[in-house]
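# Descriptive analysis of the structure
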Amino acid sequence: MPYPEEAEGFQVDSPETYTDFKKRFFKLKPFGDYDVDIKIEACGVCGSDVHTISGGWGSQKFPLCVGHEIIGRAVRVGPKVTLIKEGQRVGVGAQSYSCGECKQCKNENETYCPVLMIDTYGAEWPDTGIVSQGGYSSHVRTHEHWVFPIPDVLETNLVAPMLCAGLTAYSPLVRNGAGPGKKVGIVGLGGIGHFGVMFAKALGAETWAISRSRAKEADARKLGADGYIATAEEGWEKPHRCSFDLIINCANSSKGFDLEKYLSMMDVHGRWISVGLPEEEGQVIKAQNLISNGVLIGASHLGSRREMLEMLQLAADKGLRGWVEELQIGSEGLKEAMERMKKGDVHYRFTMTGYDKVFG
């Protein structure tokens, strides 16, 4: 049964077959007064998609259609919707619902809601038995609070990855004071990290890219980096001791990660904020490594609606664009995306396009 009762998309059935995408119909949750239906035109490929369907993040509710960097057109809006108009080009990120009533939700911390969190895919809608399905599909149904108007000047395929990767970098930057007079480091120049460099510079901070080798230095400079640190070089941390106000760790792996050296670069009570979610256990944190500069260690999860809208407007005002390679939505295109993401063969983000060819 087609839309509006169902959407059609590409699902994976198990971690053992995570590159085998099957095109099939699946149920959408019942349409609510505050819901928006979106006909999808493009969807970015996030590392979360690979971690989820390959088993890296544990058991999941299969069969599952992933994808949470969604751009499309609002084709239906509920009778109580005020934030979105039918026909608007809109985006949806990694979250589709929270309780809306708790302290966190009312203080624009809805991505930290302890009462009810619904991810765009892989979460069960209460009292329905329906598991949320993502953006490698024809349509998505989402509460208006998590649907975002896209500024006209931002190209669909280039803005799609901002809906997760961009916001994941932007929120900790603004929440931790990135701006003029601040020295900010971005660890890991990948899908999230390339946005981190871009946004830190756009916010006015002195911006440094931090990577293992010099291979990505030219890219970092093009993205706006003022400086570059290669951690494979002897004594890389010493010239920067006690100098960084903020470092955002976007690394997707913690293998061979000498955390003590990174933390030594922080100014007194400087902030080390992690946004990457490696599959392995991570580093051991010793109190002795924190004493010399009183470094503060934290993390960040996505960002609020207000931050999403501010980020999109900043990108529009400053002419910021993701570095994106387009792939055709479909079983073969998605297989290629997953295989290349697993190998790190992406520069620096994929967007699945060509939805009209597949879904009509």
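Up top you'll find the structure we're talking about.
Quick caveat, the model's predicted, so the values are computed rather than measured.

### Description of the pattern of salt bridges
- Across all of its chains, the model carries 22 salt bridges by this definition.
- Salt-bridge contacts for Asp356 lead to Lys39; the nearest nitrogen and oxygen are separated by 3.2 Å. Within this pair, whereas Asp356 is found in helix H11 (residues 355–359), its partner Lys39 is found in strand S3 (residues 35–45), the two being separated by 317 residues in sequence.
- Glu233 is the partner of Arg214 in a salt bridge, and the nearest nitrogen-oxygen pair spans 2.8 Å. Remark: Glu233 occurs in the loop between strand S12 (227–230) and strand S13 (244–249) and Arg214 occurs in the loop between strand S11 (206–211) and helix H6 (217–223); sequence separation between them is 19 residues.
- Taken together, the salt bridges that share partners define one network made up of Arg214, Glu217, Arg221 and Glu233.

### Structural notes on the pairing of S12
- On S12, burial covers both faces: Gly227 and Ile229 on one face and Tyr228 and Ala230 on the other are all buried.
- In terms of strand pairing, S11 meets S12 through 4 bridges, oriented parallel. Note on S12: the bridge partner recorded for Trp208 is Gly227.
- Crossover S11 to S12 through H6 is right-handed.

### Points about the layout of surface pockets
- Here the second largest pocket defines a volume of roughly 250 Å³.
- Around the second largest pocket, the lining is made up of 17 residues, and of these Asn249, Ser274, Gly276, Pro278 and Gln283 lie nearest the centre.
- Breaking the lining of the second largest pocket down by element, the ones donating at least two residues are strand S14 (266–274) and strand S15 (296–299).
- Split into classes, the residues belonging to the lining of the second largest pocket amount to 7 nonpolar, 8 polar and 2 charged.

### Observations concerning the environment of Thr231
- Counting through the fold element by element, Thr231 comes out in the loop between S12 and S13.
- On the basis of relative accessible area, Thr231 is assigned to the buried category, the value being 17%.
- For Thr231 and Asp258, which are 27 residues apart along the polypeptide, the C-alpha to C-alpha distance reads 9.2 Å.
- Discounting chain neighbours no more than four positions away, the residues touching Thr231 are Ile210, Ser211, Arg212, Trp236 and Tyr262.

### A word on the side chain of His51
- By secondary structure assignment, the location of His51 is in helix H1 (residues 47–53).
- Overall, the relative accessible area of 9% leaves His51 in the buried class.
- At 3.1 Å, the side chain of His51 and the side chain of Asn252 are in polar contact.
- Setting aside its immediate chain neighbours within four residues, His51 contacts Gly56, Trp57, Asn252, Leu277 and Glu279.

Reading the values: rules and limits
- Residues numbered from 1 in each chain as written.
- Predicted model: local features only at pLDDT ≥ 70, side-chain atom pairs only at ≥ 80, totals over all residues.
- Heavy atoms only, no water.
- Salt bridge = Lys/Arg side-chain N within 4 Å of Asp/Glu carboxyl O.
- Helix = DSSP H or I, 4+ residues; strand = E, 2+ residues; numbered from the N terminus.
- Buried < 20%, exposed > 50% of the residue type's maximum accessible area, 1.4 Å probe, protein only.
- Pairing = 2+ DSSP bridges.
- Right-handed = clockwise from strand over helix to strand, strands pointing away.
- 1 Å grid on protein atoms, 1.4 Å probe; cavity = no way out; pocket = protein on both sides within 12 Å on 5 of 7 lines; lining within 4 Å.
- Points joined across faces, edges and corners; volume = space filled by probe spheres on them.
- Nonpolar A, V, L, I, M, F, W, Y, C, P; charged D, E, K, R; others polar.
- Contact = heavy atoms within 4.5 Å.
- Polar contact = N/O pair within 3.5 Å; in protein donor to acceptor, adjacent residues only side chain to side chain.

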